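The residues making up each chain are set out below.
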Amino acid sequence: MSAIKAANTIIDSSSGEETNTQDFIEDLIGKMTLSEKIGQMTQYDASWDVTGPPVQKDDIDRYEKIAEGRVGAMLNILGTEATREAQKIAVENSRLGIPLLFGYDVVHGYKTMFPIPIADACSWDLTHIENATRIAATEATAAGLNWAFAPMMDISRDARWGRVMEGAGEDPYLVSKVSAARVKGFQGEDLSKPDTMAATAKHFAAYGFLNAALEYNTTEISDNTFLNQVLPPFKAAIDAGVSTVMNAFSDFNGIPVTANSYLQRDILKKELGFKGFIITDYSTISEMVVHQYAKDNKDAAYKAIIAGTDMDMESRVYENNLEALVNEGAVEEKMIDDAVRRILTLKLNLGLFDDPYRYCDESRSYLLDHVEDHHSKALEAAKSSAVLLKNDKNLLPIRKSVKTIGVIGKLADDKDAPLGSWRARTEAQSGVSILEGLQKHVPSETEILFAKGYTLSVEPPTFTQEVDLSQSDDESGFTEALEVAERSDLVLFVLGEECFQTGEGRSQTFIGLKGAQLKLLKKVYAINKNVVAIMMNGRPIAEPWLYENIPSILESWYLGSQSGNAIAELLTGKCNPSGKLALSIPRSIGQIPISYNHTRTGRPDPIPGDPNFVFWSHYSDCDKTPQYAFGHGLSYTTFEYSNLKLNTDTISMDESLTVSIEVENTGSYDGEEVVQLYINDLYSSTIRPVKELKGFEKLHFKAGEKKTVTFTIGWKDLAFYGADRIFKAEPGEFDVMVGGNSEDLLSARFELTA
Ligand code: NOJ
């Protein structure tokens, strides 16, 4: 058990945090001038890629700065040639020859694109998530990089936010597991190997709780939600050895997180024992002036360093102000030393002091040329990430009797959208489209008809520009699409979003289908009832008509380079869908924020006997449950759960409990099932979630196969941060629930004694 100090505790400038104290690093720090130390705390953008607003002073010669020892890291510099050139200047021309870090947003692949993170999380397959990240690191390091600005582990419960595509969903337990797997994938067993790189846990903290899901906005979040929902993934990442943490553009409790000692010093560095360094998000130090929290850049630099911010990404505020602050005695130099020590330790761990060119090895560049193994892993990942939401008439897998398949929808013929946002250095238009996948996987005697039907963006959208949807009401393709629907035994209607409708800077107030898509879908359905909807989108889409009427729906998100092949294998039954939702799909935008693990109100249910009696927690115009709940996902086979057993009905704090359940594949296909375990604390000192995921296993079952699945529960699975900020389990009764989604669960009760 451990306690966290009160919010915004003022800390002594000699923060007293423990850090690694290798002699080598101490010697080096001893030789550094103050300006060189501050140089290590400064990151410069190199503009090979644009991931933020252009920063002032672009006439500055970065190479000169590197030679002066005033730069410790760069971002958005790519390729072995460019990184080698910059590294050479740092090593050969700067006084102490300290090598640079090269950071980049390697979010779901570098050259080979894997499913976008929210899709990948829907696989609930930690091995392949780790492997996918391993491949991303292999490729990124072959391009000179040694530091990934990923994984994003913000809990996301608001589909208006464009960055839900970048996280692992709404649940702290799943996000923790996925994030730890991603950290391991980037960092491997040994950070100094040339194919591993430092990972970044971001955005600390609570960036997923932006007010009204408006990008770069402020947040409103309680300490209870922060400690119990937002913090666990960061703890898991730190336990997995994550090298760096990135803070956020937002505030916490009225204080920008960049200046928030409670978050950065008390919690991250002390309570969680984080030994790496904190990098700001893009210019968050200087943005504190715009927030009107710092009166000028100097004040911002002061507030950031006091609060434990170690490296300044791109705002150049440390570079221009920290030296004066130290010289004036406002900031103690040992605070600077602590930051520098953390940064140099990462450089040491990466092996950069042994060989600064370790990641600038041209002989590894073949790893960027369509490596077969990378693509076969991307295909496997894509197949296990798609979620079969609905299959009412068993339209899927496509039956042999289907002789003509009508494929409708602009997105079906799209080789770019499947790559998703945050696509690093993959080539535009390099994904396998759904149409291409079908042509490859559908028997040659089956006829495939195609009509584009609707339009979204006319020009291919890009990462930095707003998507132009002004033509999306165009109905000129309807006639052809309806002819295709008429002539087909089965219609595959591909719908959703342009991929750059999600990602950073892509908040939306509307989360239904844009443009003429729904109108066309309704017309198609009026002609042909055998419609399968294939969804391509980066956020949950709220569109009740679609979910209520279309008999089969496959949520594919953006599945990466191999998307079309994966979708075709799933549709044809060569592969059985096994993804489960990592976040709820709302019925309406008005339900947001929505998540399965909400807390219980005092009036959760209708008053028995009077259906119109209004005094209970509900919406008058919409069911309060989600359209599809967290953990939901179908298969072509069926699974039955029975015989939930506990080995005891009472445990003490130092004992554990074994939960077992029988799961049987009762259908006629082999398939995979994610067996999920939830708990509910029946009485507690603060209001707790109605259920919380505390374990899962993804298992393969042959048709007819039955397995007994077991889980172990100990006090830590039952513990939470109370109002006293102490992490503890409280004695009392708990329900344990097991099933294939967060709603259909078998339940048993046990007691935890003091
Ligand atoms: C801003 C984003 O919020 C962050 O996630 C990213 O790593 C940086 N830009 C650098 O590109």
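> How should the overall build of the chain be read in this particular structure?
Secondary structure summary: the chain contains 20 helices and 26 strands in total. For a compact globule of 754 residues, the expected C-alpha radius of gyration is about 27 Å, and the chain comes in at 26 Å, within 12% of that figure. With the C-alpha coordinates of the chain rotated into their principal frame, the extents come out at 80 × 60 × 45 Å. Counting only carbon and sulfur atoms, one obtains 48% of the accessible surface of the chain, whose full area is about 27,200 Å². Treating the 74 positive side-chain charges of the chain as one cloud and the 109 negative ones as another, the clouds have centres 1 Å apart.

> Even after reading the chapter, I still don't get the site of the ligand, so can you show me in this structure?
Surveying the vicinity of the ligand reveals 13 residues, the closest of which are Thr51, Asp105, Arg163, His203 and Asp281. Within the side chain of Thr51, one N or O atom sits 2.7 Å away from an oxygen atom of the ligand. Between the ligand and Asp281, the relevant distance is 2.5 Å, taken from an oxygen atom to a side-chain nitrogen or oxygen of the residue. In isolation the ligand offers 300 Å² of accessible surface; the protein chains occlude 100% of this area. The residue inventory of the shell around the ligand, partitioned by class, reads six nonpolar, two polar and five charged.

> Explain the confidence of the model for the chain to me, please; I cannot follow it from the model alone.
Caution applies to low-pLDDT regions: their predicted coordinates should not be interpreted in detail. Model confidence for the chain is summarised by a mean pLDDT of 95, while 97% of its residues fall at 70 or above. Here residues 1-20 is modelled with pLDDT under 50, and outside its nearest four sequence neighbours on either side it reaches 58 contacts, counting other chains as well.

> Please explain the domain arrangement of the chain as it appears in this structure.
What the domain assignment lists for the chain is domain 1 (1-14 + 36-79 + 90-102), domain 2 (373-588) and domain 3 (639-753). The C-alpha-based centres of domain 2 and domain 3 are spaced at 35 Å. Domain 2 puts five residues into the contact, and the matching count from domain 3 is nine residues. When the two sides are added together, the surface that domain 2 and domain 3 hide from each other amounts to roughly 540 Å², 44% of it contributed by carbon and sulfur. For domain 2, the biggest contributors to the area lost against domain 3 are Asn576, Ser578 and Lys580; these three give 76% of the whole. At the junction of domain 2 and domain 3, the tally comes to one salt bridge. Across the contact surface, domain 2 and domain 3 share four residue pairs in polar contact (both at pLDDT 80 or more). In terms of residue class, the side of domain 2 that touches domain 3 is built from one nonpolar, three polar and one charged.

> Is there a simple way to think about helix α11 (residues 297-306) in this case?
Note that an α-helix has 3.6 residues per turn; residues three or four places apart therefore point the same way. Along α11, the residues that are buried comprise Asp299, Ala300, Ala301, Ala304, Ile305 and Ile306. Turning to α11, the residues buried within the fold contact α9 (261-271), α10 (284-290), α12 (317-327) and α13 (333-349).

> Even after reading the chapter, I still don't get unusual backbone geometry, so can you show me in this structure?
Most peptide bonds are trans, and most residues other than glycine sit at a negative phi. Here the bond from Ala150 into Pro151 is cis, since omega is 5°, no more than 30 degrees from zero. Locating Pro151 in the fold gives a position in the loop between β4 (147-148) and α7 (172-187). With an omega of 0°, the peptide bond running from Ile592 to Pro593 counts as cis. Looking at where Pro593 falls in the secondary structure, it is placed in the loop between α19 (563-572) and β17 (639-646). Positive phi outside glycine occurs at Asn394, with the angle close to 50°.

> I would appreciate a short explanation of the environment of Thr464 in the present structure.
Tracing the backbone through its elements, the reader meets Thr464 in the loop between β13 (447-451) and α16 (478-487). Ignoring sequence-local partners within four residues, the contact set of Thr464 consists of Val50 and Arg506.

> Hey, could you run me through the packing of aromatic side chains in this one?
Under the definition given, this model contains 28 aromatic pairs. Seen from their ring centres, Tyr104 and Tyr110 are 6.1 Å apart, and the 70° between their planes marks the pair as edge-to-face. Judged by centre distance (6.2 Å) and plane angle (85°), the ring pair of Tyr173 and Phe696 falls under edge-to-face. One end of the pair, Tyr173, is in helix α7; the other, Phe696, is in strand β21 (residues 692-701), and 523 residues separate them in sequence. Three or more aromatic residues joined by ring pairs make a cluster, and in this case those are Trp124, Tyr173, Tyr596, Phe630, Tyr678 and Phe696. Its guanidinium or amino end placed over the ring of Tyr44, Arg316 lies 4.3 Å from that ring's centre, counting from NZ or CZ.

> Would you mind going over the nonpolar core with me for this structure?
As a rule of thumb, nonpolar side chains are buried together in soluble globular proteins. If you look at the biggest cluster of nonpolar residues, it comprises 211 residues, and the most contacted ones within it are Val106, Tyr110, Phe204, Phe226, Leu492, Phe493 and Leu571. Counting 25 residues, the second largest nonpolar core, distinct from the first, contains Tyr641, Leu644, Ala719 and Phe750.

About the cut-offs
Numbering of residues starts from 1 in each chain and follows the order in which that chain's sequence is written. Totals for whole chains, interfaces and linings use all residues, but because this is a predicted model, local features are given only for residues with pLDDT of at least 70 and pairs of side-chain atoms are given and counted only at 80 or more. As a rule here, side-chain values cover all heavy atoms of the structure and leave hydrogens and water aside. Helix and strand assignments follow DSSP, with helices taken as H or I runs no shorter than four residues and strands as E runs no shorter than two, numbered in order from the N terminus. Restricting the calculation to C-alpha atoms gives the radius of gyration, and the globule rule supplies 2.2 Å times the number of residues raised to the power 0.38. Calculation of accessible area relied on Shrake-Rupley with a 1.4 Å probe; when residues are assessed, cover is drawn exclusively from the protein chains displayed. Residues scored as positive are Lys and Arg, those scored as negative are Asp and Glu, and His as well as the terminal groups of each chain are ignored. In this description, the location of a charge corresponds to atom NZ of lysine, CZ of arginine, CG of aspartate or CD of glutamate. Residues are labelled near a given molecule or strand when at least one of their non-hydrogen atoms is within 4 Å of it. Two N or O atoms form a polar contact when they lie within 3.5 Å of each other; inside protein one atom must be a possible hydrogen donor and the other a possible acceptor, and for residues adjacent in sequence the pair counts only when both atoms belong to side chains. Gly falls in the polar group here, along with every residue not listed as nonpolar (Ala, Val, Leu, Ile, Met, Phe, Trp, Tyr, Cys, Pro) or charged (Asp, Glu, Lys, Arg). Per-residue confidence from the predictor is reported as pLDDT, which spans 0 to 100. Contacts between residues were defined by any pair of non-hydrogen atoms, one from each residue, lying within 4.5 Å. Source of the domain bounds: an automatic or database domain assignment. In this description, buried area is defined as the sum, over both parts, of the accessible area (probe of 1.4 Å) that is lost when the two are combined. A pair is scored as a salt bridge if a Lys or Arg side-chain nitrogen falls within 4 Å of a carboxyl oxygen belonging to Asp or Glu. Each residue is placed in one exposure class: buried if its accessible area under a 1.4 Å probe, protein chains only, is under 20% of its type's maximum, exposed if it is over 50%, and partly exposed if it falls in between. What counts as a ring pair is set by centres within 6.5 Å for rings of Phe, Tyr and Trp (its six-membered ring), and what kind of pair is set by the plane angle: stacked under 30 degrees, edge-to-face over 60, tilted for all other angles. Counted as over-ring charges are cases with an Arg CZ or a Lys NZ within 6 Å of the ring centre that also lie within 35 degrees of the ring normal. Side-chain atoms within 4.5 Å are what join buried Ala, Val, Leu, Ile, Met, Phe, Trp, Tyr and Cys residues into a set we call a nonpolar core.

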